[in-house]
Amino acid sequence: MNICVIGTGYVGLVTGACFAEFGVQVVCADKDAAKVATLQEGNTPIYEPGLEEIIARNVREERLSFTTDTAGAVRSSLVVFIAVPTPARGDGGTDLSFIEAVSREIGANMDGYKVVVTKSTVPVGTSARVRGWIEEELAGRKTATRFSVASNPEFLREGAAIGDFMRPDRIVIGTEDEQSKAILEDLYRPLYLNETPVVNTNVPTAELTKYAANAFLATKISFINEVANLCENVGADVQAIARGIGLDRRIGPKFLHAGPGFGGSCFPKDTRSVAHFAREVGEGFEIVEAVVRVNDRQRRRMVEKIVGALGGDVQGKTVAVLGLSFKPQTDDMRESPAVDIVNGLIAEGAKVRAHDPAAMDECRGLWDDVDFTDDPYQAAEGADALVIVTEWNQFRALDLDRLLELLRRPLIVDLRNIYDPVRMEAAGFEYVSVGRPPVERETS
Ligand SMILES: NC(=O)c1ccc[n+]([C@@H]2O[C@H](COP(=O)([O-])OP(=O)(O)OC[C@H]3O[C@@H](n4cnc5c(N)ncnc54)[C@H](O)[C@@H]3O)[C@@H](O)[C@H]2O)c1
């Protein structure tokens, strides 16, 4: 089977490379000529463990190629995947201009039956609009070619994308006719043989499933953050509570880590988008509206926590920030909580020094007045507090004696709860974390 993937970003590149690995003939098309040139030269434009090897093997074995010629890619393919961005608009809705542009290009070049599959995360009804845009182009060409539209949302996580694509928890396929359903079943056969659960459904259901999944996961995060805030008022320990509820299999232990809230390229935009969409259809999605509010407030609360730990005034004080990316193992800074936290500290008059193992190049354009350091210890030197914002493994076993010597004040604010409060106090630190009671100091 010949397929093409339009949009060779995170999702498109992983999708294209993994289908090629299954033995499918794949063309990845992107309008970004520099990105395509990089890929044609054998380099991978994103950091994703395992991806480079899969691309190299499949290019060598001539199952995978890259092009800027979307028209040619469409003509040579039975299945056309759309994997372009769907960014948030200012009002929380979704900007579908990339989807429209690609749909029109498909319509302008379609020369026979195709299955047009939306893999981008899109509001319900978008596949119907894709059909409309393609039909308008076909009508303009005075051509009547039959085609199917389908929805096949992607659930991969950055940093674990290959495993997620090759061994997914499930595949969701929304189709509107038997022909496209059979073609997509055939394409995904290697995963059917692996006994991956497949949810075959209609198109609107598939579109909404992606938002429901992300909204639910984001809800778990905001939920545990509110529990953490309660804990701080009553001397309870959020980590023990997360364990206490997470062992209940109806709840599950994942996504119950208190901290500065969710960020990244998906949860913030997808929660806002589904809330916006629900308002548009006159229903509202009140839980998700609250989840977004709690998440915004949590970031401000983290700034207050740091300022409070420093005695309520950070004017002229130096704060060392460890971790800037929205999660470990990525250089992705999109909607990272670190951005609001650093901005908040600067607004309060603090001097910020920061270190991140991967994201510093991404960050240099964000702030003129942040001092980026080569390692955590340089950041700590002479600082009034050390704040852990992203839980990179490199920060889990810091040399505490060295930090104690370097910091002007031995204060650690751990926004990811990666250290043990008792151990930190015993080591000589003032230690502040999220939703955990302070250690009682022994008085002599
Ligand atoms: N990144 C993730 O972890 C993830 C996970 C699941 C779903 N999604 C969804 O998948 C979609 C894509 O996300 P991404 O992170 O891969 O985006 P991305 O920004 O990494 O890549 C998108 C690519 O599309 C290309 N593009 C834009 N317009 C084009 C056009 N007209 N023709 C050809 N190429 C074009 C861009 O040049 C870019 O290379 C979004 O809807 C996103 O919400 C992302």
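Now for a quick tour of the structure. (Residues numbered from 1 in each chain as written. Predicted model: local features only at pLDDT ≥ 70, side-chain atom pairs only at ≥ 80, totals over all residues. Heavy atoms only, no water.)

Turning to the side chain of Asn214, a few remarks are in order. Here Asn214 shows up in helix 10 (residues 203-234). Among residues more than four places away in sequence, those in contact with Asn214 are Cys266, Phe267 and Asp270. (Helix = DSSP H or I, 4+ residues; strand = E, 2+ residues; numbered from the N terminus. Contact = heavy atoms within 4.5 Å.)

Before going further, it helps to examine the side chain of Asp356. Tracing the backbone shows Asp356 in the loop between strand 10 (351-355) and helix 15 (360-363). For the buried Asp356, no salt bridge exists, and the shortest N-O distance to an oppositely charged side chain is 9.5 Å, to Arg416. From its side chain, Asp356 meets the backbone nitrogen of Ala358 in a polar contact 2.8 Å long. Here the side chain of Asp356 touches Ala359 through a polar contact of 2.7 Å, landing on its backbone nitrogen. Excluding residues within four positions of it along the chain, Asp356 makes contact with Gly323, Leu324, Ser325 and Trp392. (Buried < 20%, exposed > 50% of the residue type's maximum accessible area, 1.4 Å probe, protein only. Lys, Arg positive; Asp, Glu negative; His and termini not counted. Salt bridge = Lys/Arg side-chain N within 4 Å of Asp/Glu carboxyl O. Polar contact = N/O pair within 3.5 Å; in protein donor to acceptor, adjacent residues only side chain to side chain.)

In this section: the sheet that holds strand 13 (residues 411-414). Within the open sheet, the 6 strands sit side by side as 11-10-9-12-13-14. Their pairing is parallel. Edge strands, defined here as strands with exactly one partner in the open sheet, are strand 11 (370-372) and strand 14 (430-432). Averaged over all neighbouring strand pairs, the angle between strand axes comes to 20°, with direction disregarded. Inspection of the sheet shows strand 9 (residues 318-322) paired to strand 12 (residues 385-388) by 4 bridges, in the parallel sense. If you follow Leu322 over to strand 12, its bridge partner there is Ile388. The strands that helix 13 (residues 286-309) touches are strand 9, strand 12, strand 13 and strand 14; relative to strand 13, the one it contacts most, it runs at about 165°. (Pairing = 2+ DSSP bridges. Axes fitted to C-alpha atoms, helices over the stretch in contact; angles between N-to-C directions.)

Here the focus is unusual backbone geometry. For Gln329, which is not glycine, the phi dihedral falls at a positive 65°. Structurally, Gln329 is set in the loop between strand 9 and helix 14 (337-347).

We now examine the packing of helix 10 against helix 11 (residues 238-246). In the contact formed by helix 10 and helix 11, the axes pass within 9 Å of each other and the chain directions differ by 135°. With respect to helix 11, the axis of helix 10 lies oblique. Regarding helix 10 and helix 11, the two cross each other, and that crossing is right-handed. Each of Phe223, Ile224, Val227, Ala228 and Cys231 in helix 10 lies in contact with helix 11, whose residues at this interface are Val238, Ile241, Ala242 and Ile245. (Parallel < 35°, antiparallel > 145°, perpendicular 65-115°, else oblique. Left-handed = near helix turned anticlockwise from the far one by under 90°.)

Time to look at the nonpolar core. Residues Ile306, Val321, Leu324, Leu345 and Leu415 are the most contacted members of the largest nonpolar core, which totals 39 residues. Non-local contacts of Leu324, meaning those with residues more than four positions away in its chain, are made with Met333, Ser336, Ala338, Val342, Ala354, Asp356, Met360, Cys363, Trp367, Phe372 and Thr390. Listed in part, the 37 residues of the second largest apolar core include Leu13, Ala20, Val24 and Ile55. (Core = buried A, V, L, I, M, F, W, Y, C linked by side-chain atoms within 4.5 Å.)

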